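A closer look at the structure
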Amino acid sequence: MDTTVTLPLGQMGIETKEFTDEGLMGRIRNGDREAFSMLVMRHTKKYYSLAYRMLSSREEAEDIVQESFLILWTNPASWDGGRQTKFTTWFYRVVWNACIDRKRKNTPLPMEDGFDPPDEGRGAEEALEMKRNKENIDACIGELPESQQTALALCFYEGVSNREAAEIMGLSVKALESLLMRAKASLRSKLGGDKGREDANNGQR
Amino acid sequence: MDRDEFLKYLELYGGDLGRWPSGLGEEARAACAVSREMREALDQERRFEDSLMERGFEEPSPGLEARIISAAARVKRPEARKSSVLGLLGAVFTAIPLPRPAIALPLLLVLGMAAGYLYANYAEQDTDNAQYAELLYYGEDYNE
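The model shown is predicted, which means the values in this text are computed figures rather than measured ones.

A look at the packing of helix H6 (residues 146–157) of chain A against helix H7 (residues 162–169) of chain A
Residue and element names in this part refer to chain A. Where H6 meets H7, the closest approach of the two axes is 10 Å, and the angle between their N-to-C directions is 140°. The pairing of H6 with H7 is recorded here as oblique in orientation. The interaxial crossing formed by H6 with H7 has right-handed handedness. Taken together, the residues of H7 that come into contact with H6 (itself represented by Ser147, Thr150, Ala151, Leu154 and Cys155) are Asn162, Ala165, Ile168 and Met169. Per-class residue counts for the contact of H6 with H7 are 6 nonpolar, 3 polar and no charged.

Description of the interface of chain A and chain B
It is common to report an interface's size as the accessible area lost on association of the parts. On the chain B side, the residues contacting the 47 residues of chain A number 38 residues. Contact between chain A and chain B buries roughly 4,100 Å² in total, counting both sides, with carbon and sulfur atoms accounting for 59%. Looking only at chain A, the three residues that lose the most surface to chain B are Phe156(A), Lys184(A) and Arg188(A), adding up to 13% of its buried area. If you look at where chain A meets chain B, you find 6 salt bridges. Across the pair Arg55(B) and Asp138(A) runs a salt bridge whose closest N-O atoms are separated by 2.8 Å. The interface formed by chain A and chain B contains 15 residue pairs in polar contact (both at pLDDT 80 or more). Mapped by element, the contributors of at least two residues to the side of chain A that touches chain B are helix H1 (21–29), helix H2 (33–55), helix H3 (58–74), helix H5 (122–142), H6 and helix H8 (173–204) of chain A.

What about the environment of Leu39(A)?
Residue and element names in this part refer to chain A. Within the secondary structure, leucine 39 sits in helix H2. Between the C-alpha atom of leucine 39 and that of phenylalanine 19, which follows or precedes it by 20 residues, the distance is 9.3 Å. Those residues in contact with leucine 39 that sit more than four places away from it in its chain are Asp21, Leu24, Met25, Ile28, Phe69, Leu72 and Phe87.

What to know about a nonpolar patch on the surface
Residues and elements named next belong to chain B. A grouping of Leu105, Leu107, Leu108 and Leu111 is seen on the molecular surface, where their side chains present a nonpolar patch of about 390 Å² in accessible area. By the secondary structure assignment, leucine 111 is in helix H6 (residues 100–138). Classification of leucine 111 by relative accessible area gives exposed; the value is 51%.

What about the pattern of salt bridges?
Evaluated as defined, the whole model comprises 18 salt bridges over all chains. Measuring nitrogen to oxygen at the nearest pair gives 2.7 Å for the salt bridge that ties Asp21(A) to Arg42(A). With Asp21(A) in helix H1 and Arg42(A) in helix H2, the pair connects residues that are 21 residues apart, well separated along the chain. Across this residue pair, the class does not change: Asp21(A) and Arg42(A) are buried. For the salt bridge of Glu45(B) with Arg188(A), the shortest nitrogen-to-oxygen distance reads 2.2 Å. With Glu45(B) in helix H3 (residues 36–52) and Arg188(A) in helix H8, this residue pair bridges two chains. The class of Glu45(B) is buried, set by a relative accessible area of 4%. A residue is classified by how much of its surface remains accessible, and Arg188(A), at 30% relative accessible area, is partly exposed.

Let's talk about the confidence of the model for chain A
Residue and element names in this part refer to chain A. Summarising the model, chain A shows a mean pLDDT of 81, and 75% of its residues fall at 70 or more. The secondary-structure element of chain A with the lowest mean pLDDT is H8, recorded at 74, while H3 shows the highest, at 95. Contacts for the low-pLDDT stretch residues 1–10, under 50 throughout, to residues beyond four places or in other chains number 7 contacts. Contacts from residues 194–205, a stretch scored under 50 in pLDDT, to residues over four places away or in other chains number 5 contacts.

Digging into the nonpolar core
All names here are of chain A. Counting residues in each nonpolar core, the largest one holds 62 residues, and the members touching the most others are Phe36, Leu72, Phe91, Leu152 and Leu187. With 12 residues, the single largest contributor to this core is H2. Both domain 1 (1–109) and domain 2 (112–205) contribute no fewer than three residues apiece to this core.

Structural notes on the packing of aromatic side chains
Counted under the stated rule, the structure contains 17 aromatic pairs over all chains. Considering the side-chain rings of Tyr47(A) and Tyr92(A), the 4.8 Å spacing of their centres and the 70° angle between planes classify their relative orientation as edge-to-face. With Tyr47(A) in helix H2 and Tyr92(A) in helix H4 (residues 87–105), this pair connects stretches of sequence that are 45 residues apart. Note on accessibility: Tyr47(A) and Tyr92(A) belong to one class, buried. A cation over a ring is seen here: Arg188(A) above Phe48(B), with NZ or CZ 4.4 Å from the ring centre. One cation-aromatic arrangement involves Arg55(B) over Tyr157(A); the distance from NZ or CZ to the ring centre is 5.4 Å.

Calculation notes
- Residues numbered from 1 in each chain as written.
- Chains lettered and ligands numbered in written order.
- Predicted model: local features only at pLDDT ≥ 70, side-chain atom pairs only at ≥ 80, totals over all residues.
- Heavy atoms only, no water.
- Axes fitted to C-alpha atoms, helices over the stretch in contact; angles between N-to-C directions.
- Helix = DSSP H or I, 4+ residues; strand = E, 2+ residues; numbered from the N terminus.
- Parallel < 35°, antiparallel > 145°, perpendicular 65-115°, else oblique.
- Left-handed = near helix turned anticlockwise from the far one by under 90°.
- Contact = heavy atoms within 4.5 Å.
- Nonpolar A, V, L, I, M, F, W, Y, C, P; charged D, E, K, R; others polar.
- Buried area = accessible area lost by both parts, 1.4 Å probe.
- Salt bridge = Lys/Arg side-chain N within 4 Å of Asp/Glu carboxyl O.
- Polar contact = N/O pair within 3.5 Å; in protein donor to acceptor, adjacent residues only side chain to side chain.
- Patch = residues over 30% accessible without salt bridge, like charges linked within 9 Å, V, L, I, M, F, W, Y side chains within 5 Å.
- Areas by Shrake-Rupley, 256 points an atom, 1.4 Å probe, with all protein chains shown as cover.
- Buried < 20%, exposed > 50% of the residue type's maximum accessible area, 1.4 Å probe, protein only.
- pLDDT = per-residue confidence, 0-100.
- Core = buried A, V, L, I, M, F, W, Y, C linked by side-chain atoms within 4.5 Å.
- Domains from an automatic or database assignment.
- Phe/Tyr/Trp six-rings, centres within 6.5 Å; stacked < 30°, edge-to-face > 60°.
- Lys NZ or Arg CZ within 6 Å of the ring centre and 35° of its normal.

As structure tokens, this is what we get:
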């Protein structure tokens, strides 16, 4: 009996009982391209998001996700479903490791020269303020140790549970929680300090 | 839940009480309902998290999934496992969500018993053959 089901691309994100991640991985081991496509459609955005948080670059993040999925396609046996590691946990680890390797290879980019935007009124000033805020937060997070950045990316930005994040990073839950607390304390101190200076500057205008 | 516990959990789980582990969120809500200090701490945490969410994020470029699928189509991968007894056993191992020892140990036991049975039969035949050969060589008087 032919059990092949062709789904429109838009529906490939739906996880039915017959198409769990683990079930699809079993089919991918047998070279099933449709199963691979379903997995890609279902999970690309999630893993792109983690890679982007780690690397702060769209191009790098897309490269990492593509490389990771190709590793999965060419070597599906590298996920040992028998050990009861969830596919998503395992693949987070693959992507995270790839991000760490990429960060270590990358040389720091030269700082962009500052520029003065054309004076187009309050809208431009507010946009510039927002841009500065974003860059400031990026810079503060970038200064954190890798492990703290990862803990923050997984638990805060990606909404992964502390338990799963600990498993992804190969840590105890306590160790993971310690990383999270230190990351937040550092950021509170840096951003809180910057905000204090900003308020003081605004008062002087 | 006392103040210190609340602040610790706030640090660990963040300002969205719905994401706290089961039971703790409800305790936190009850604690905040009666403590102004805890409510202020919760508001402060939420403002801090809102500021973190201002961090820049770029959506992936359109068609990323399709590019990944196309790239995989161009990659030559090792031959898919052909149908075979070993392949079937491998599929059983990976499909059944049991720890491997739970499958391997009984399987080894069964294989061991089968091997033992076959060996015993073979050895018995050998003994019979040896006795028959002696009988032929020495004749029926051999054991007298």
